[in-house]
Amino acid sequence: MKGSSVAARAAWGLAATAGVVLICLGLGQTFYIGTVTNAFERDRLGSTSILAGSVLGLAAAGWSLYRRDQLWVSLLVAAPAVVVGGLNLVAGGSLLPHIGALAAVPLGLAGIIGGVTVGSGRIRS
């Protein structure tokens, strides 16, 4: 698949979007107020989803570099994976990953939109 074809852009956009969705689903699993009967299971499932979404987001950022997209696209796509995934590894039991997601997830979505619409900026023949 060529890097500039519509199918390649759609596949990349799907992979990057799946990473952000997995991160958000994991954050939803780990956010609860008060006592929950199955808190350990929810935390484990949420942390696993955040980790899987972070790996997928970093893979999409690497794929973006391979496609020779503009650098800001790759950095913005990697932002949720680095911020939320990193904070979840360091301080998983707190609200820090959720607070970091307030800024990182919109940046990631902007990077996905930029990667699908703007492209690489190269002159194609």
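Residues numbered from 1 in each chain as written. Predicted model: local features only at pLDDT ≥ 70, side-chain atom pairs only at ≥ 80, totals over all residues. Heavy atoms only, no water.

A. Region of the structure containing the overall build of the protein. Along the protein, the regular secondary structure elements total four helices and zero strands. Beginning at the N terminus, the succession of helices and strands in the protein can be written as α-α-α-α. A principal-axis box enclosing the C-alpha atoms of the protein has dimensions of 60 × 20 × 20 Å. Expressed as a percentage of the 125 residues in the protein, the buried residues total 38%. Roughly 7,100 Å² of accessible area belongs to the protein as shown, and the carbon and sulfur atoms make up 72% of that amount. (Helix = DSSP H or I, 4+ residues; strand = E, 2+ residues; numbered from the N terminus. Buried < 20%, exposed > 50% of the residue type's maximum accessible area, 1.4 Å probe, protein only. Areas by Shrake-Rupley, 256 points an atom, 1.4 Å probe, with all protein chains shown as cover.)

B. Molecular detail of the packing of helix α1 (residues 6-30) against helix α3 (residues 71-90). Running from amino to carboxyl end, α1 crosses α3 at an angle of 25°, the nearest separation of the two axes being 10 Å. Relative to α3, the element α1 is oriented roughly parallel. Taken as a pair, α1 and α3 cross one another with a handedness that is left-handed. On the side of α1, the interface is formed by Trp-12, Ala-16, Val-20, Ile-23 and Leu-27, while α3 contributes Val-73, Val-77, Pro-80, Ala-81 and Val-84. For the contact of α1 with α3, a count of residues per class yields 10 nonpolar, no polar and no charged. (Axes fitted to C-alpha atoms, helices over the stretch in contact; angles between N-to-C directions. Parallel < 35°, antiparallel > 145°, perpendicular 65-115°, else oblique. Left-handed = near helix turned anticlockwise from the far one by under 90°. Contact = heavy atoms within 4.5 Å. Nonpolar A, V, L, I, M, F, W, Y, C, P; charged D, E, K, R; others polar.)

C. Up close: the packing of α3 against helix α4 (residues 96-117). Taken N-terminus to C-terminus, the directions of α3 and α4 make an angle of 160°; their axes are 7 Å apart at the nearest point. Classed by the angle they form, the pair α3 and α4 counts as roughly antiparallel. Considering only the axes of α3 and α4, their crossing is left-handed. Across the contact of α3 with α4, the residue classes break down as 17 nonpolar, six polar and no charged.

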